[in-house]
Amino acid sequence: TKDGIIKAAKLAKKNAETFSPFKIYNFNEKQRPKAQGHFVSPFQKDLDKVSLSEINDFLSLCCDKMGKGKEVISCFGIAVLSDIKTNFVSSNGSDFSSSVKIIQHELSVTAKKNNQIQSRSWGNVAQVGLELFNKDLFLSQANRILEESIELLDAPECPNEEMDLILMPDQM
């Protein structure tokens, strides 16, 4: 609220005056130049163009796909959509604003056979819009991690001797 901002500004001023004799470093305009501008993270489809129920249905569809294996004991899909707006103003005349859209998503499946348990997941965090929610991509990844988790149940144990390891970029 406006009253909350005024109260916070007064408290900040009081604290600055109280603690200024104890400063660690004497800042001036050279260390803290005036900043002005505006940043908007790139996106093609705004976060409000799809309802939360549509996203939930979309993730449920992925979970339905991952839950098809008889060995599957657990699967989930999550999405976190953040629309962060920041305004920075300062006594040196700085006035900067930003609008950042961040999407975090993950699909995960765990399979069990006898005493073997294997999990696979796929996800990412990115500054993008809802164009990230590509149905075909998510369903193909759901299928891939399902197949991998089931295949690994019958995979031989890892060797225990010392050897070189080569990782492909998609394994990192």
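Being a predicted model, the structure only gives us computed values, none of them experimental.

Observations regarding the overall build of the protein
Check the secondary structure of the protein and you find 3 helices and 4 strands. Reading the protein from its N end, one meets helices and strands in the order α-β-α-β-β-β-α. Expected size for 172 residues packed as a compact globule is a radius of gyration near 16 Å; at 25 Å, the protein overshoots this value by more than 25%. When the backbone C-alpha atoms are referred to their principal axes, the protein occupies close to 65 × 45 × 25 Å.

Section: the confidence of the model for the protein
Here the protein averages 91 in pLDDT, while 100% of its residues score no lower than 70. Within the protein, the lowest mean pLDDT, 91, falls on helix α1 (residues 2-19), and the highest, 95, falls on strand β3 (residues 95-113).

Observations regarding the layout of surface pockets
Space left empty within the atom packing is revealed by a probe, the size of a water molecule, rolled over the atoms. Taken as a whole, the largest pocket spans an internal volume of roughly 220 Å³. The wall of the largest pocket is formed by A16, F19, S20, K23, Y25, F27, R32 and S91. Looking at side-chain class alone, the lining of the largest pocket contains 4 nonpolar, 2 polar and 2 charged residues.

Considering the packing of aromatic side chains
Taken as a whole and assessed by the stated rule, the structure comprises 4 aromatic pairs. On the numbers, 5.0 Å between centres and 55° between planes, the contact of F58 with F138 is tilted. Here F58 is found in helix α2 (residues 52-66), whereas its partner F138 is found in helix α3 (residues 135-153), with 80 residues between them in sequence. On the basis of relative accessibility, which here comes to 0%, the residue F138 falls in the buried class. Through pairs of rings, three or more aromatic residues link up here, namely F58, W122, F133 and F138.

Regarding a nonpolar patch on the surface
Where nonpolar side chains cluster on the molecular surface, the patch consists of I24, Y25 and F27 and spans about 420 Å² of accessible area. Following the sequence through the fold, Y25 ends up in the loop between α1 and β1 (36-40). For Y25, a relative accessible area of 45% translates into the label partly exposed.

Quick look at the environment of C63
The topology assignment puts C63 in helix α2. On a C-alpha basis, the gap between C63 and C75 in space is 6.2 Å, while along the polypeptide they are 12 residues apart. With residues up to four places along the chain from it excluded, the contact list for C63 reads C75, F76 and G77.

Focus: the nonpolar core
Within the largest apolar cluster, 22 residues are counted, with the highest numbers of intra-cluster contacts made by M66, I103, L107 and F138. When residues of this core are traced back to their parent elements, those giving at least two are α2, β3, β4 (116-126) and α3. When residues in this core are grouped by element, the largest group, 6 residues, is from α2. Sequence-distant contacts of I103, that is, excluding residues within four places in its chain, are made with L47, V80, L81, N124, V125, A126, V128, G129, L130, L132 and F133.

Let's talk about α3
In this model, α3 (19 residues) spans 28 Å end to end at C-alpha, consistent with the 27 Å of a helix rising 1.5 Å per residue. What α3 keeps buried is the set F138, L139, Q141, A142, I145, L146, S149 and L153. One side of α3 carries all its buried residues, which in axial view fall inside an arc of 160°. Those residues of α3 that are exposed and angled more than 90 degrees off the buried face are D136 and E151. Its buried side turned inward, α3 meets α2, β2 (72-89), β3 and β4. Regarding α3, its N-cap is N134, as a side-chain oxygen of that residue lies 3.0 Å from the backbone nitrogen of D136 further along.

Parameters and conventions
- Residues numbered from 1 in each chain as written.
- Predicted model: local features only at pLDDT ≥ 70, side-chain atom pairs only at ≥ 80, totals over all residues.
- Heavy atoms only, no water.
- Helix = DSSP H or I, 4+ residues; strand = E, 2+ residues; numbered from the N terminus.
- Rg over C-alpha atoms; globule rule 2.2 N^0.38 Å.
- pLDDT = per-residue confidence, 0-100.
- 1 Å grid on protein atoms, 1.4 Å probe; cavity = no way out; pocket = protein on both sides within 12 Å on 5 of 7 lines; lining within 4 Å.
- Points joined across faces, edges and corners; volume = space filled by probe spheres on them.
- Nonpolar A, V, L, I, M, F, W, Y, C, P; charged D, E, K, R; others polar.
- Phe/Tyr/Trp six-rings, centres within 6.5 Å; stacked < 30°, edge-to-face > 60°.
- Buried < 20%, exposed > 50% of the residue type's maximum accessible area, 1.4 Å probe, protein only.
- Patch = residues over 30% accessible without salt bridge, like charges linked within 9 Å, V, L, I, M, F, W, Y side chains within 5 Å.
- Areas by Shrake-Rupley, 256 points an atom, 1.4 Å probe, with all protein chains shown as cover.
- Salt bridge = Lys/Arg side-chain N within 4 Å of Asp/Glu carboxyl O.
- Contact = heavy atoms within 4.5 Å.
- Core = buried A, V, L, I, M, F, W, Y, C linked by side-chain atoms within 4.5 Å.
- Expected span 1.5 Å × (residues − 1).
- Arc of directions from axis to C-beta.
- Polar contact = N/O pair within 3.5 Å; in protein donor to acceptor, adjacent residues only side chain to side chain.

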